[in-house]
Amino acid sequence: MEHIFECVILIFFCICLYRVFCKRPKIKVVKAPTTKEIRRQRKKDRRMRKIKRKFKLPYHGKTEIIEYSKTKPYIESAWKEIEK
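Because the structure is predicted, anything quoted here is derived from the model rather than measured.

Caption draft 1: The confidence of the model for the protein chain, seen in detail. Put simply, the protein chain has an average pLDDT of 80, and 71% of its residues get 70 or more. Per-element confidence in the protein chain is highest for helix 2 (residues 35-54), whose mean pLDDT is 92, and lowest for helix 3 (residues 74-83), whose mean pLDDT is 65.

Caption draft 2: Quick look at helix 1 (residues 2-22). In a regular helix each residue adds 1.5 Å, so 21 residues correspond to 30 Å; helix 1 covers 29 Å between its end C-alpha atoms and thus fits that length. Within helix 1, only 0 of the 21 residues are buried, which leaves it mostly out in the open.

Caption draft 3: Layout of the pattern of salt bridges. If you walk through the whole model with that rule in mind, you get 1 salt bridge. With a closest N to O distance of 4.0 Å, Lys31 and Glu37 form a salt bridge.

So, how was this worked out
- Residues numbered from 1 in each chain as written.
- Predicted model: local features only at pLDDT ≥ 70, side-chain atom pairs only at ≥ 80, totals over all residues.
- Heavy atoms only, no water.
- pLDDT = per-residue confidence, 0-100.
- Helix = DSSP H or I, 4+ residues; strand = E, 2+ residues; numbered from the N terminus.
- Expected span 1.5 Å × (residues − 1).
- Buried < 20%, exposed > 50% of the residue type's maximum accessible area, 1.4 Å probe, protein only.
- Salt bridge = Lys/Arg side-chain N within 4 Å of Asp/Glu carboxyl O.

Take a look at the structure:
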């Protein structure tokens, strides 16, 4: 019974060593985009930027936009922001 238990532990240990040291990682082949696809994507991005420039959407988010007053020094207003 002891020998069987030791054999199972030894097999498990060998499998762990194989996984750590001998198993090679899989290498994925990545297809590089062609120059035509790059040009098309840049043209599409440029068109979208033009549209976004004309139709600006108002900001909707959870963060607060804090505008610093000119009467208070910068350091004091920065400390108040950090305190939150």
